[in-house]
Each structure stands twice: as C-alpha cells, then as structure tokens.
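Inside the fold
So the chains spell out like this:
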Amino acid sequence: MSTEKFQKETYSKDMVRQSFDVAAQDYNQYTSLQRLIGDHLLLQETMQRQSFQRVLDIGAGTGYVTKKLSQRGNVNDVYALDIAQSMLNQARYHLGAGQATGFICADAEKLPLTDNMFDAIYSNLVFQWCENLEGVFSQAYRALCPDGSFVFSTFGPKTLIELKESWGKVDEAVHVNSFVAKNIIQRNLEAAGFKNISIEAENKVVYYDSPKQLMLDLKGMGAHNMNRGRRVGLTGVHAFKAMLQAYEKLRTKQGVPATFEAVYVVANKNCG
Ligand SMILES: C[S@@+](CC[C@H](N)C(=O)[O-])C[C@H]1O[C@@H](n2cnc3c(N)ncnc32)[C@H](O)[C@@H]1O
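Not measured: the values here are computed from a predicted model.

The rules behind these values
- Residues numbered from 1 in each chain as written.
- Predicted model: local features only at pLDDT ≥ 70, side-chain atom pairs only at ≥ 80, totals over all residues.
- Heavy atoms only, no water.
- Salt bridge = Lys/Arg side-chain N within 4 Å of Asp/Glu carboxyl O.
- Helix = DSSP H or I, 4+ residues; strand = E, 2+ residues; numbered from the N terminus.
- Buried < 20%, exposed > 50% of the residue type's maximum accessible area, 1.4 Å probe, protein only.
- 1 Å grid on protein atoms, 1.4 Å probe; cavity = no way out; pocket = protein on both sides within 12 Å on 5 of 7 lines; lining within 4 Å.
- Points joined across faces, edges and corners; volume = space filled by probe spheres on them.
- Nonpolar A, V, L, I, M, F, W, Y, C, P; charged D, E, K, R; others polar.

Time to look at the pattern of salt bridges. Here the structure, examined in full by the defined rule, presents six salt bridges. Here R17 and D14 are joined by a salt bridge, their closest N and O atoms 2.8 Å apart. One end of the pair, R17, and the other, D14, are both in helix α2 (residues 13–23), three residues apart, so they sit about a helical turn from each other. The partner of K68 in a salt bridge is D39, and the shortest N-O contact between them spans 3.5 Å. Here the residue K68 occupies a position in helix α5 (residues 64–70), and D39 occupies one in helix α3 (residues 32–42), the gap between them amounting to 29 residues. With relative accessibility at 32%, the residue K68 sits in the partly exposed group. The exposure class of D39 is partly exposed, given its relative accessible area of 28%.

Below, the structure written as structure tokens:
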C-alpha cells in the first residue's frame, strides 16, 4: 500500500482520543499483549548500554512502560506523553511519587517540546493510530538530542488477519484497522532524517474463547475499528453473525486465533 493511500484511509484523531479516554479506566485488564511487546522493546540493546538524562514515552497510556523506564538505573528523568488526558490520569495514579518527571497531554504529531531535549524517545504500540507517520517521526527527530535513540513498536499488516479474512467472506466494507508495512516505516523514518534503522517483526498469536471475546478485548484496549472508511452506523446483525461463523471455522484446540504482528524499530538521530 502506498503512503498516500494509507494516509487517506486512516483514522479520525478525535475518535482515537475519545476511544482511549473511554478505555482508560479498565485498560489495564486488556494489556497482557501490550506488556509483552513493551517488555521486548525494553530489552533493545540501545536501552541496555547507554545512560540517559531525559527519556520521553510517547503514548504512555496507563504508564506501564514509563514506570519500567523510570526504574532503570541508567535513566534520570522520564516524561509521559499521551493524547488522552484520562490515560495520563491513570498513569499518574499508577506511577508512584517521583516516578515520572512530567505528564504531557499532546499529540505525537505536534509535540509541544523544544528541540534536542531527549536522549531517547520511546513508544509502545502507538503509531498505528497516527495518520501522518513522517510528521510523527519528524517531531521525534526534532525533539531528540544529536545521537539520540528512537525506540518503538507498532503493529504490522498481518495483525488481525483472521478477523479481516472472516469479514472478507461477508462484505467489502472496512471493518478492521489498517496497519503499515515495514518498508513504509523505513521510508518515513528516512524521510524524517533517521539513520541506522533496524526493523524487526514477529507474529504473536493470541487464542480467544470466541471471536466476540476478541472484539471485546480490542474495544477494551481502545483498538476497535477506527478507520475513516469504516461502515457508519450498526453493522447488520446478519452480517455480524456471518462473520462470527466464518471466524469459528478457524477454531483450534486452543481457541480461536488472532494474529498480532509486533514490529520493533530502533533508529538514531545521527548527525555525524
Ligand atoms: C495501545 S495504547 C499503548 C499504551 C502504552 N504505551 C502501553 O504500552 O501500555 C496506545 C496509547 O497511545 C495513545 N495515542 C494514540 N494516538 C496518539 C497520538 N497521536 N499522540 C499521543 N498519544 C497517542 C492513546 O491515547 C493510548 O494511550
């Protein structure tokens, strides 16, 4: 998919903000996958070996990763930034006193931060909701110190492939969020000026009791369909049942599978 097409099909920013504002209260019940991916991100070598004066966590959510960053011996100050104020309120509640230096309610596409401020910018599963990847990456580039590291995860195009295929048996409407491929991420990072880019992906398969359970889970984590091209109004009961029946055919002994393609990225603002 081209960058241009991706940008036309993606999300309404207000919907993303509202969706996560609503999900904030119960969000931590639905986060085992995000935590697994966040933990993997924290193991990236860049984070292991250097020391950091200031680190920014973009899309901090309820603060799981912010907290882990703040507990690292090699990190001094950690800032949590999120577009949804309710998420930041939860982060403030879950982080003990002094575990984050600042909480910033802002859009990753318009960072209200001065240039060259952070030694590292960190972000777990956020940029799949961002309309303008080059804009987000340019903002991160600007806010990073020379030689600063940009470490993030996002979802790749194989994510929710079973749900997409099951809906595909029913109609042609957009029922599932679109996720960008590694080459588009690479291109947008290069356009923003990043160097030494490493991108890896792994598929994680989660088994659910039923397709409905998966959809409740997606809603609980604020990740239900938010594409602009989604069908407005209620999806017909008949169509929904047909999708559930198609999905049921994928059932294994462990339950119905849902693939999540975790994409891990490390890049540097290498001004040398
Ligand atoms: C799936 S949650 C991940 C939260 C957290 N990073 C974690 O690992 O648990 C995505 C978060 O990104 C935030 N978000 C989405 N779009 C954003 C944007 N454009 N700017 C800043 N935050 C955004 C949402 O409000 C939500 O808290």
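That covers the picture; the talk isn't over yet.
What follows concerns empty space enclosed by the protein. This structure, assessed with the given rule, holds two cavities of 30 Å³ or more. Considering only enclosed or pocket space, the largest cavity measures out at about 480 Å³ in volume. Taken together, 31 residues line the largest cavity, and the ones lying closest to its centre are G59, D82, N124, L125 and V126. Only α2, α3, β1 (52–58), α5 and β2 (75–82) provide two or more residues apiece to the lining of the largest cavity. For the lining of the largest cavity, the element with the highest residue contribution is α2, accounting for three residues. Considered class by class, the residues forming the lining of the largest cavity number 19 nonpolar, seven polar and five charged.

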